[in-house]
Amino acid sequence: MINESVDVGADDEPDSDDDPALLRRAVGLRLRRLREDAGISGEAAGRAIRASHSKISRMEAGRVTFRARDIEDLLTRYGVDEDGARTELLRLAQRANAVGRWQAGPDLTTARADTYLALEDASSLIRCYAPCLVPDLARTPSYAHTLLAIAERGSAIEIHRRVELLVRRQQLLDRADSPRVWLVIEEAALRRPIGGFEVWQGQLEHLAELSARPSVTVQVLPDHVGGPAISGSAFTLLRFAAPEFGDIAYLQHPNGAQFLDKRGDLDRFNEVWDRLCVCAAPPMQTADFLDRLRTPLPPDAN
């Protein structure tokens, strides 16, 4: 069972960079997914916490705060008995009951990052623009490890832990109900032999395999277009199947990361995304492009 010390609504100070509205949305989306995966109706879930279907709807929509007992009882009803998963959701709910801002930390291994991970896991469409590197969800472990080592992002143990987290995130691509993933990647990023010839070629092969999946679309933005002129930074747009949840734009930068959901911000990012997709090569040309990159001799070959 869950550790008794985790109490939703406790007086512990939350991270000042957390925003309760965003966190409640993340908790609600995860609860909804767990209920649907368990094949349980809203009425049955309500009975599990001695409440009505409408309360379950409000919880899943992120419109209310959360009681530890309700979360515990719902997780038990949904068959979630793994301590780690229960603790994670309860801690997220605890932070959702506090005050903060719409901003997350720069490190996807920190406690704050489970907000983004919960939203990513619950999304039905993930659109990502990566101007300089292959985006997270498409990276091989070797490629990701090389990037972290180059950036000197922690000790060998910490880098290994970050790569393990990435691999767990990527499991959503293998689900029967995997979200649709749409990636726009700069040509220069794919030509850059990060990690040496074998790591680079392995990354290209993996990307080619992903692009062949029905749920994944990959477009390559040619060098002559000048992707940074359209957008100088990477961003991700998340969309959810539930109509009551609006889109979210997620941006990472050196000092942290931001979640944006205001209509004006989203309109701007959608305009940028549309421009990127128009300027990028059509998806049906991606396989041929990757094949050409996967055949050259190593740089030191004569």
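Just above, that's the structure.
These notes cover the structure that comes with them. Since the model is a prediction, treat every value here as computed from it, not as a measurement.

Time to look at unusual backbone geometry. Backbone geometry places Arg50, a non-glycine residue, at a positive phi of 60 degrees. Following the sequence through the fold, Arg50 ends up in the loop between helix H2 (42–48) and helix H3 (53–60). Its relative accessible area of 47% is what places Arg50 among the partly exposed residues.

What follows deals with the packing of H3 against helix H4 (residues 68–77). For the pair H3 and H4, the least separation of the axes is 13 Å and the interaxial angle reads 100 degrees. Accordingly, the angle class assigned to the pair H3 and H4 is roughly perpendicular. On the side of H3, the interface is formed by Lys55, Ile56 and Met59, while H4 contributes Asp70, Ile71 and Leu74. Looking at the contact of H3 with H4, its residues break down into four nonpolar, no polar and two charged.

A few words now on the side chain of Arg139. Tracing the chain through its elements places Arg139 in the loop between strand S2 (125–130) and helix H7 (141–150). Taking relative accessible area as the criterion, Arg139 reaches 16% and is therefore assigned buried. Polar contacts involving the side chain of Arg139 include one to the side chain of Asp136, which spans 3.1 Å.

Our focus in this paragraph is the pattern of salt bridges. Summed over all chains, the structure comprises 25 salt bridges. Linking Arg127 and Asp247 is a salt bridge whose minimum nitrogen-to-oxygen distance equals 3.9 Å. Here the residue Arg127 occupies a position in strand S2, and Asp247 occupies one in the loop between strand S5 (235–239) and strand S6 (248–253), the gap between them amounting to 120 residues. Asp247 matches Arg127 in its accessibility class, with the two residues each being buried. Of the charged contacts, one joins Arg294 and Asp291 as a salt bridge, the two residues approaching to 3.0 Å between their closest N and O atoms. Classification of Asp291 by relative accessible area gives partly exposed; the value is 38%.

Bringing H4 into the picture now. Every α-helix winds through 3.6 residues per turn, so residues three or four apart in the chain are directed the same way. Among all positions of H4, only Ala68, Asp70, Ile71, Glu72, Leu74 and Leu75 are buried. Phi turns positive, to about 80 degrees, at Gly79, one or two residues after H4.

Closest axis-to-axis distance for the helix H10 (residues 197–211)/helix H13 (residues 286–293) pair is 10 Å, and the angle between their directions is 165 degrees. With respect to H13, the element H10 is oriented roughly antiparallel. Crossing geometry of H10 relative to H13 is assigned as left-handed. Where H10 approaches H13, its residues Trp200, Gln201, Leu204, Leu207, Ala208 and Ser211 are matched on the opposing element by Thr286, Leu290 and Leu293. Taken together, the residues that form the contact of H10 with H13 break down as six nonpolar, three polar and no charged.

Right, let's talk about the packing of aromatic side chains for a bit. Taken as a whole and judged by the stated rule, the model has six aromatic pairs. Relative to Trp273, the ring of Trp182 lies with its centre 5.6 Å away and its plane at 90 degrees, an arrangement referred to as edge-to-face. One end of the pair, Trp182, is in strand S3 (residues 180–186); the other, Trp273, is in helix H12 (residues 263–279), and 91 residues separate them in sequence. An aromatic cluster is defined as three or more aromatic residues linked by ring pairs; in this entry it consists of Tyr129, Trp182, Phe235, Phe269 and Trp273.

Conventions we followed
- Residues numbered from 1 in each chain as written.
- Predicted model: local features only at pLDDT ≥ 70, side-chain atom pairs only at ≥ 80, totals over all residues.
- Heavy atoms only, no water.
- Helix = DSSP H or I, 4+ residues; strand = E, 2+ residues; numbered from the N terminus.
- Buried < 20%, exposed > 50% of the residue type's maximum accessible area, 1.4 Å probe, protein only.
- Axes fitted to C-alpha atoms, helices over the stretch in contact; angles between N-to-C directions.
- Parallel < 35°, antiparallel > 145°, perpendicular 65-115°, else oblique.
- Contact = heavy atoms within 4.5 Å.
- Nonpolar A, V, L, I, M, F, W, Y, C, P; charged D, E, K, R; others polar.
- Polar contact = N/O pair within 3.5 Å; in protein donor to acceptor, adjacent residues only side chain to side chain.
- Salt bridge = Lys/Arg side-chain N within 4 Å of Asp/Glu carboxyl O.
- Left-handed = near helix turned anticlockwise from the far one by under 90°.
- Phe/Tyr/Trp six-rings, centres within 6.5 Å; stacked < 30°, edge-to-face > 60°.

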